[in-house]
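# Understanding the architecture of this molecule
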Amino acid sequence: QVQLVESGGGLVQTGDSLKLSCKASGLTFRDHTMGWFRQAPGKERTIVAAISWTWSEYYVDSVKGRFTISRDNYKDTLYLQMNSLKPEDTAVYYCAATAPFYSSSSYDGGNFGSWGQGTQVTVSS
């Protein structure tokens, strides 16, 4: 059974940094494309960043230059370094995994079959 457990969220001020972590178990982590999604109150859950099993990275335009996704295949852990945080980054952040050896460049949420419970990030102005 796949388990994804996020941590690292919290309440910060505008301009601060946070690093989210997602510990994976029950899967061969290195074989999976991993993603970070977020959902703000009253809005749909959307992709933030993804890193493929071949190490390709994707970022939504609104976080380019501020957020960095990374993975440690020895620790089975996904990370999201978030710098220069803005109030509009406030959301619940979710970690997600695709099926093994996912080969598409589409990072729609429907392509991710395993999800964590989420961690709250709140950025005050």
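Provided above is the structure to which this section pertains.
Okay, so let's go over this structure. (Residues numbered from 1 in each chain as written. Predicted model: local features only at pLDDT ≥ 70, side-chain atom pairs only at ≥ 80, totals over all residues. Heavy atoms only, no water.)

### Here's the deal with the packing of aromatic side chains
- In the structure shown here, the tally under the stated rule is 5 aromatic pairs.
- We note Arg45 situated over the ring of Tyr94; from NZ or CZ to the ring centre the distance is 4.9 Å.
- The residue whose ring lies beneath Arg71 is Phe29, and the NZ or CZ to ring-centre distance is 4.6 Å. (Phe/Tyr/Trp six-rings, centres within 6.5 Å; stacked < 30°, edge-to-face > 60°. Lys NZ or Arg CZ within 6 Å of the ring centre and 35° of its normal.)

### A short note on the pattern of salt bridges
- By the definition in use, this model includes 3 salt bridges.
- As a salt-bridge pair, Arg66 and Asp89 come within 2.8 Å of each other at their nearest N and O atoms. Remark: Asp89 occurs in the loop between strand S8 (77–82) and strand S9 (91–100) and Arg66 occurs in the loop between strand S6 (57–59) and strand S7 (67–72); sequence separation between them is 23 residues. Comparing Arg66 with Asp89, the two get one shared label, buried.
- Here the salt bridges share partners, and the residues they tie into one network are Arg38, Arg66 and Asp89. (Salt bridge = Lys/Arg side-chain N within 4 Å of Asp/Glu carboxyl O. Helix = DSSP H or I, 4+ residues; strand = E, 2+ residues; numbered from the N terminus. Buried < 20%, exposed > 50% of the residue type's maximum accessible area, 1.4 Å probe, protein only.)

### Here we look at the state of the cysteines
- Inspection of every chain in the model, using the stated rule, returns 1 disulfide.
- What pairs with Cys22 in a disulfide is Cys95, and their sulfur atoms sit 2.0 Å apart. The chirality of the disulfide connecting Cys22 with Cys95 is left-handed, given an S-S dihedral of about -70 degrees. Here Cys22, found in strand S3 (residues 18–25), pairs with Cys95, found in strand S9; they are 73 residues apart in sequence, far enough to count as distant.
- Overall, Cys95 belongs to the buried group, its relative accessible area being 0%. (Disulfide = S-S within 2.5 Å.)

### Regarding the environment of Gly10
- Along the chain, the position of Gly10 falls in strand S2 (residues 10–13).
- For Gly10, a relative accessible area of 24% corresponds to the partly exposed category.
- Among all residues touching Gly10, those that are not within four sequence positions of it are Leu18, Gln120, Val121 and Thr122. (Contact = heavy atoms within 4.5 Å.)

### Describing the nonpolar core
- Ranked by size, the top nonpolar core spans 27 residues in total, and within it Trp36, Leu78, Leu80, Met82 and Tyr93 carry the most contacts.
- Taken together, the elements giving at least two residues each to this core come down to S3, strand S4 (32–39), strand S5 (46–51), S7, S8, S9 and strand S11 (119–124).
- For Tyr93, the contacting residues outside a window of four places in its chain are Glu6, Leu20, Trp36, Phe37, Arg38, Val48, Phe67, Leu80, Met82, Gly118, Thr119 and Val121. (Core = buried A, V, L, I, M, F, W, Y, C linked by side-chain atoms within 4.5 Å.)

### Quick look at unusual backbone geometry
- Not every positive phi belongs to a glycine, and Trp55 is a case in point at roughly 80 degrees.
- Structurally, Trp55 is set in the loop between S5 and S6.
- Despite not being glycine, Asp76 shows a phi value in the positive range, around 50 degrees.
- Within the secondary structure layout, Asp76 lies in the loop between S7 and S8.

So far we have only geometry, and geometry alone does not tell us how the molecule works.
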